[in-house]
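Listed below, chain by chain, are the residues.
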Amino acid sequence: MTLRLLALLAVAVISAVFPTAAPAQDNVLNVGKYGQLATYDPHAGGLDSIWWTLNNFYESLVDLNDDITGLRPVLATAWQTSPDGKTWTFTLRSGVKFNDGTPFDAAAVKFSVERAQALKKAASLYAKPIARVETPKPTTVVFHLDKPNNAFLAGLRFLPIVSPTAVRTHDKGGDNAEGWLRDHTAGTGPYTLERWEPNIIHVAKKNPGYWRGWPAGRFTTLNLRHIYEPETQRLMIEKGEIDIAENVTKDTLPALKRNANLTVYEKAGTTLMVTFLNTQAAPTKDLRVRQALHHLWNQEAFNAITGNAANPGPLYAPLLGRDWKMENPYPYDPARAKQLLAEAGYPNGGFQLRYQSQKGDADKRAIFEIFQAELSKLNIGLELFDDTWPALVKRATDWGATRDAGTAVHMFGYFRPMFIPTPYDFLFSMYHSDAYPTKGGRNFTYYTNAEYDRLVNESMMSLDAPREQRQLRQAAELLWKDAAVVVNGRIVDKIVTRKNVKGFIYAGDRISYRYWDMSRER
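Residues numbered from 1 in each chain as written. Predicted model: local features only at pLDDT ≥ 70, side-chain atom pairs only at ≥ 80, totals over all residues. Heavy atoms only, no water.

Asker: What's the story with the packing of aromatic side chains in this structure? I'm lost.
Answerer: A ring pair, where both rings are aromatic, is described by two values, the distance of the centres and the angle of the planes. This model, assessed by the stated rule, comprises 34 aromatic pairs. A centroid spacing of 5.1 Å and a plane angle of 65° characterise the contact between Trp51 and Phe419, whose relative ring orientation is edge-to-face. Highlighted residues: Trp51 in helix H2 (residues 47–53) and Phe419 in the loop between strand E15 (411–416) and helix H15 (424–427), separated in sequence by 368 residues. Residue Trp51 shares its accessibility class with Phe419, and that shared class is buried. Taken together, a centroid distance of 5.9 Å and an interplanar angle of 40° make the contact between Tyr513 and Tyr515 tilted. Taking relative accessible area as the criterion, Tyr515 reaches 3% and is therefore assigned buried. Members of the aromatic cluster, connected to one another through ring pairs, are Phe276, Trp389, Phe412, Tyr414, Tyr431 and Phe444. In this structure, Arg212 is placed above the aromatic ring of Trp516, and the distance from its NZ or CZ to the ring centre is 5.7 Å. Lying across the ring of Phe426, Arg416 places its NZ or CZ 5.6 Å from the centre. (Phe/Tyr/Trp six-rings, centres within 6.5 Å; stacked < 30°, edge-to-face > 60°. Helix = DSSP H or I, 4+ residues; strand = E, 2+ residues; numbered from the N terminus. Buried < 20%, exposed > 50% of the residue type's maximum accessible area, 1.4 Å probe, protein only. Lys NZ or Arg CZ within 6 Å of the ring centre and 35° of its normal.)

This is the structure:
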C-alpha cells in the first residue's frame, strides 16, 4: 500500500472522528501537530510541556522578542540588576488575572518559583539559581541569587507563572495539584484548556479576562490535532481541514508553493538536529566507537533528502558570536570509521545498536536510515525504536536510573530549538552533568566531563564577558571532540498555513506558535 493511499485513509478516519474540522470557521484555528507532551503542568513536566504551553496557556516574566535575538517584557515591564549580578528587581504588570479570575502579583511569582524548585523537574533548572524571593509590594519582586548567573534573566522565559489559588484548591494529598494540572491550565495566557485526548486532540477556548483583550477576528477556539504522518498533514492543509501544518517534507514543497490558497514558510531557524550517543553504555561508551559513528555520518546525503543544512558546532552557533564556527573534527570518512572500530576491538563489526526516534519525524527517520545503511556495510545492526515523545523521554530517563545494559538506547535522535537566547540553553541544558534527564534536563547522552562542567560553571558566573565567551567556546569544542553527540545539522523549518491565516510570527522553530496574534482574513 503506498504512502499516499495510507495518508488518504488517515485523512478519512480523522475527518470522520472530527467532522467539525472543515470547513474552516472564522474564530476556530485547526493545527496539525506531531509533537506530544506528558502533562500540561509547566512545573511538573519536561521542557516540552513548557514549550507547548508558553504564550498560549501560561506566561512568564519575559519572552523572546519577535526577531528571536533577545527578550521582550511580558508579565514584567522592567527590571534591573545589582553590580554584583546577585540581585534582580522586577516591576510587574498591573491588572493581570489568571484564568480563574484571581490576580497576578508578586506573591504568585514567589509561589511559582518555590513550586518549580520543589517539584525538581525541567522548570527547576531555571529556578535553581534563586536563593530567596522578596515581595516588597504586589507589583515588585526581588530575586536574590546565591551567585551571579549569566543565564538567569533569559532562563526566566521558561519559568511560567501559575495561579496559587488553583494549586491550593486542587491539591490532593500534598501533590501540589500535579494531578489536576496534568489536564487543566491555570495561567495568565490567552487560552484555557477545555479538553485533551492524548495522541488525538487538544481543544482550547479563549480566556475571556486575558489582559491584552480580544480584538475582533482573533481565534477564540484552538483545535490542536495530532497528525503524525507528514503526507496526511499535507493533504489536510490542501483540503482546508487544518489551517497550519507543522510537519511537511521537502519533496512536497514545490506543489504546496504553487497552491494559491497556501503560504509556505521555509526558514533556517535556531533548531539543532543531533544524535545523542550514550556515553555510559557499551559499545558507545568507548570513545573510538563514538568517533567511528561520527565518521559514518553523511551530511550531504541528509541535506539532499531533507533540505536541511550543516551546523558548525553542537549548539545554535550565532550564540557564541557571528565570527565563531568549528571545523567538524570527524568528517564523513567510512574508512577511518572502520579503522577506529578495529582499534576498539570490532574489526568485523558484529554488534547491534538501538536508535530512538520520535513518531512522525521524517528528519529523524532519514538520520536512522542513513546510519543504518552505513553501519550495515560494517556488519553492525541498527534497531529502530519509534514512539511518542513522552514515551521516548521516559525510556531514556528510566534508563538513567537503572543503567541496565539490556535496555540501553545507544543513539537518540533529537531536535532542539533555542528556548532561551543564551549559549547555556544548549551547553548546560543538553550536555552538563547537572542536566541529566533524571534531573529534568536533556543530557540524553549522559555525558560527564569534569573539565567541561568547570568551563560552563565558571563562565556562567563570570562578570567578564570576553572571558565568559572564551570559556564557552572551549566547552563547545571539547564536547564535540569527545564525540558525545553527532551534529546532524541545522533544521530548515517548513511550515504551511492557509493563505487567510494572518499574524503568524515565526519563533525560530516549527513547533512554537503565538496563536493569540493570529486571525483569519475575512
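Asker: When you look at the environment of Asp183 in this model, what are you seeing that I'm missing?
Answerer: With respect to the secondary-structure elements, Asp183 resides in the loop between helix H7 (178–181) and strand E8 (191–197). Separated by 53 residues in the primary sequence, Asp183 and Met236 place their C-alpha atoms 27 Å from one another. In this structure, Asp183 is in contact with Leu193 and Trp196, ignoring residues within four places of it in sequence. Of the polar contacts made by the side chain of Asp183, one reaches the side chain of His184; its length is 2.9 Å. (Contact = heavy atoms within 4.5 Å. Polar contact = N/O pair within 3.5 Å; in protein donor to acceptor, adjacent residues only side chain to side chain.)

Asker: Could you clarify how one ought to interpret the pairing of strand E14 (residues 381–387) in this entry?
Answerer: Looking along a regular strand, one sees the side chains alternate between the two faces of the sheet. Looking at chain direction, strand E13 (residues 352–358) and E14 are connected through seven bridges and run parallel. Bridge pairing in E14 links Tyr355 to Leu384. Each parallel crossover has a hand, and the one from E13 via helix H13 (residues 362–376) to E14 is right-handed. (Pairing = 2+ DSSP bridges. Right-handed = clockwise from strand over helix to strand, strands pointing away.)

Asker: Looking at this model, I keep getting lost on the nonpolar core. Mind explaining?
Answerer: Nonpolar side chains in soluble globular proteins tend to be buried together. Counting residues in hydrophobic clusters, the biggest one holds 111 residues, and the most contacted among them are Leu61, Phe90, Phe104, Phe143, Leu156, Phe276 and Tyr431. With six residues, the top contributor of residues to this core is H13. Beyond its immediate stretch of four places on either side in the chain, Phe90 contacts Leu61, Ala76, Ala78, Trp79, Thr139, Thr140, Val141, Phe143, Phe152, Leu153 and Leu156. Formed by 32 residues, the second largest nonpolar core is a distinct cluster that contains Leu37, Tyr40, Leu193 and Leu222. (Core = buried A, V, L, I, M, F, W, Y, C linked by side-chain atoms within 4.5 Å.)

Asker: Could you clarify how one ought to interpret the sheet that holds strand E5 (residues 87–92) in this entry?
Answerer: In a beta sheet, neighbouring strands are held together by backbone hydrogen bonds and run either parallel or antiparallel to one another. With respect to topology, four strands assemble into an open sheet ordered E4-E5-E7-E6, the strand pairing being antiparallel. Two strands close off the open sheet at either side, each with one partner strand: strand E4 (76–81) and strand E6 (130–137). In this sheet, adjacent strand axes meet at a mean angle of 20° when their direction is disregarded. As paired elements, E4 and E5 share five bridges and run antiparallel to each other. (Axes fitted to C-alpha atoms, helices over the stretch in contact; angles between N-to-C directions.)

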